[in-house]
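Residues per chain, in single letters:
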Amino acid sequence: MTDGASQLLAGKRAIITGGANPRGIGAAIAHQFLAQGATIAVLDYAYPDEAEPALAGGRVNLHCDVASMASCEQAVTRATQALGGVDVLVNNAGIVAATRIWDLAEDEFRRMLDVNLTGTYNVTRAALPRLLESDRRPAIVNLGSTAALRGGGLLGGSHYAASKGGVISFTKALARELGPRGVRANCVAPGIIETDMTLGKFGENWEQELKQGIPLQRFGSPAEVAQAILFLASDLSSYSTGIVVDVNGGFHIH
Ligand SMILES: NC(=O)c1ccc[n+]([C@@H]2O[C@H](COP(=O)([O-])OP(=O)(O)OC[C@H]3O[C@@H](n4cnc5c(N)ncnc54)[C@H](O)[C@@H]3O)[C@@H](O)[C@H]2O)c1
């Protein structure tokens, strides 16, 4: 914990989606945001649906299925009540699947877009009135993926790549539309990060081969993605909007 004067998110009230998995990127974001002075609402469909959740230690956990607008509106209302407002939104909740196009059924394609892309829209739309009334330099940070930039091909199929490509385009358009109204919008594009999405999924030979092809010769950690998100959520990035920050060890340089 740093002292209040040097904390990057002192006084900021943040919503982070997809933070229930303790080994995930969302948990690392929550940890760093708290350490940097934010109060946070963590939204995840893995949390129970409680009518009056309480803020404890600067954090409240709220049930939310990002694929449902009604669920997002309810969770954002509860988050606003608990936090007193919203200055930062991190759309991190997401799913992945490697299904190749010849096996990809319509319902699986739609579900991927419902969670990753429509989910990002749903939470953003629900939180937007709160972000627009914030006088604390509001910011949105969305989770893209290297898969969107290099054409999937690893653990993400075409539906995953398309959903994350949509998130990146959505973010760029938000930056244009919301910049004049004082809200920044940026994206982080992680490469291969050691979470449940990736751990043990490649098999030893493929994993070694992949690491040798990465200039930094290793996979990334959730904390390293959270650091980039911290930069984009904080006033350190006050003149950046519509950008995509790669966190991929050089795996995809473009
Ligand atoms: N791990 C990687 O290598 C990697 C790479 C690129 C991008 N990403 C992106 O980073 C984000 C976090 O991934 P992670 O690796 O921490 O995954 P994870 O599976 O550990 O965490 C995802 C979280 O999202 C939640 N979630 C899933 N569907 C939801 C829904 N409908 N509503 C609410 N919550 C929901 C899960 O409960 C979980 O807590 C995702 O958007 C993912 O696509 C991850």
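The rules we used
Residues numbered from 1 in each chain as written. Predicted model: local features only at pLDDT ≥ 70, side-chain atom pairs only at ≥ 80, totals over all residues. Near = placed C-beta within 6 Å. Helix = DSSP H or I, 4+ residues; strand = E, 2+ residues; numbered from the N terminus. Nonpolar A, V, L, I, M, F, W, Y, C, P; charged D, E, K, R; others polar. Contact = placed C-beta atoms within 7 Å. Pairing = 2+ DSSP bridges. Axes fitted to C-alpha atoms, helices over the stretch in contact; angles between N-to-C directions. Parallel < 35°, antiparallel > 145°, perpendicular 65-115°, else oblique. Left-handed = near helix turned anticlockwise from the far one by under 90°. Buried ≥ 20, exposed ≤ 12 C-beta atoms within 10 Å, placed from the backbone.

1. As for the site of the ligand
Among the 30 residues in the neighbourhood of the ligand, the closest are listed as Gly18, Gly24, Ile25, Gly94 and Thr195. Broken down by secondary-structure element, the contributors of at least two residues to the shell around the ligand are helix H1 (25-35) and helix H3 (106-132). Of the residues contributing to the shell around the ligand, the split by class is 16 nonpolar, eleven polar and three charged.

2. Some details on the environment of asparagine 186
Looking at the secondary structure, you find asparagine 186 in strand E6 (residues 184-190). Placed 14 residues apart in sequence, asparagine 186 and lysine 172 show a C-alpha to C-alpha distance of 7.2 Å. Contacts of asparagine 186, omitting those with residues within four sequence positions, involve Val141, Thr171, Leu232, Ser237, Ser240, Thr241, Gly242, Ile243 and Val245.

3. Looking at the sheet that holds strand E3 (residues 59-63)
Taken in spatial order, the seven strands make up an open sheet running E3-E2-E1-E4-E5-E6-E7, and their pairing is parallel. Looking at which strands have only one partner, the edges of the open sheet turn out to be E3 and strand E7 (244-247). Geometrically, the sheet is characterised by an average inter-axis angle of 15 degrees between neighbouring strands, direction not taken into account. Judged from the four bridges that link them, strand E4 (residues 88-91) and strand E5 (residues 139-143) form a sheet pairing that is parallel. The residue of E5 that forms the bridge with asparagine 91 is asparagine 142. Relative to E6, helix H5 (residues 158-178) is tilted by about 160 degrees, and along the sheet it contacts E5, E6 and E7.

4. Things to note about the packing of H1 against helix H7 (residues 222-233)
At their nearest, the axes of H1 and H7 sit 8 Å apart, and the two run at 55 degrees to each other. What the angle tells us is that H1 and H7 run oblique. Every pair of crossing elements has a handedness; the one defined by H1 and H7 is right-handed. Here Ile25, Ala27, Ala28, Ile29 and Gln32 of H1 come into contact with H7, specifically with Pro222, Ala223, Val225, Ala226, Gln227, Ile229 and Leu230. Across the contact of H1 with H7, the residue classes tally to ten nonpolar, two polar and no charged.

5. Quick notes on unusual backbone geometry
Note: most peptide bonds trans; most residues except glycine with negative phi. Of note, the phi angle at arginine 137 is positive, near 50 degrees, even though the residue is not glycine. We classify arginine 137 as partly exposed; it has 15 C-beta atoms within 10 Å. In the Ramachandran plot, glutamine 217 falls in the positive-phi region, its phi being about 65 degrees despite a non-glycine side chain. One can find glutamine 217 in the loop between helix H6 (204-212) and H7. Since 10 C-beta atoms lie within 10 Å of it, glutamine 217 is described here as exposed.

What is shown is where atoms sit, not what they do.
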